[in-house]
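Survey of secondary and tertiary structure
Read off the chains here:
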Amino acid sequence: VNAEYGKQWYQRRVRGPECIPECPVGTFEFPEIADGRMVVADAAASGQTVVATVQCDDGFGLAEGAEVSYDVLCNTNENTTEANSGFWTVVNDLPVCMPTCPTD
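This is a predicted model, so every value here is computed, not measured. Counting from 1, residues in each chain are numbered in the order their sequence is written. Since the coordinates come from a predicted model, pLDDT governs what is reported: local features require at least 70, and pairs of side-chain atoms require 80 or more to be given and counted, while whole-chain, interface and lining totals use all residues. With hydrogens and water set aside, each side-chain value is computed from the structure's full complement of heavy atoms.

**Observations regarding the environment of Val72**
Within the secondary structure, Val72 sits in strand S7 (residues 69-75). Under the relative-accessibility criterion, Val72 is labelled buried at 0%. Along the chain, Val72 and Val40 lie 32 residues apart, while their C-alpha atoms are 8.4 Å from each other. Once residues within four sequence positions are removed from consideration, Val72 is found in contact with Met38, Val40, Gln48, Thr49, Val50, Ala52, Trp88, Thr89, Val90 and Val91. Runs of H or I in DSSP of at least four residues are treated as helices and runs of E of at least two as strands, each being numbered from the N terminus. Only protein chains enter the accessibility calculation, which uses a 1.4 Å probe; a residue is then buried when its area is under 20% of its type maximum, exposed when over 50%, and partly exposed in between. The contact rule is simple, with two residues in contact once any of their heavy atoms fall within 4.5 Å.

Below is the structure:
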């Protein structure tokens, strides 16, 4: 891993080593997840799956017994060469942030 440039080295049979962007660490909004976001703690190369946690907005929370972490898959576009320009997709079920009841 060339962390300074946010890229991974891969060996191709014909063309030799090639750098491709990796997916960055951070907090990411997903259009499919209303009122929440996913927090990814580990960078990954294209095709790798890592675990992300759910962070719901104020006044929202996960349902009782819901999973707090979900698998996310790193994807990259072969035409993009910018460092850390990979993007995350949720592998299976999407988390749902639901309105919570006031405490008073």
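Picking up where we left off.
**Some points on the pairing of S7**
Each pair of strands is called paired provided DSSP finds at least two bridges between the two strands. When strand S5 (residues 49-56) meets S7, the two strands line up antiparallel, connected through 5 bridges. From the neighbouring strand, Val51 faces S7, where its bridge partner is Asp71.

**Quick notes on the pairing of strand S4 (residues 36-40)**
The buried fraction of S4 is high, at 4 of 5 residues. In the sheet, S4 pairs with S5 via 5 bridges, with the strands oriented antiparallel. Bridge pairing in S5 links Met38 to Val54.

**Focus: the environment of Asp58**
If you trace the backbone, Asp58 turns up in the loop between S5 and strand S6 (60-62). Among the residues examined, Asp58 registers a relative accessible area of 78% and is labelled exposed.

**Let's talk about the pattern of salt bridges**
By definition here, a salt bridge exists when the distance from a side-chain nitrogen of Lys or Arg to a carboxyl oxygen of Asp or Glu is within 4 Å. One pass over the full model with this rule turns up 2 salt bridges. Note that Arg37 and Glu29 form a salt bridge whose closest N and O atoms lie 3.3 Å from each other. For Glu29, a relative accessible area of 60% puts it in the exposed group. For the salt bridge of Arg37 with Asp57, the shortest nitrogen-to-oxygen distance reads 2.5 Å. Here Arg37, found in strand S4, pairs with Asp57, found in the loop between S5 and S6; they are 20 residues apart in sequence, far enough to count as distant. Salt bridges sharing common partners tie together Glu29, Arg37 and Asp57.

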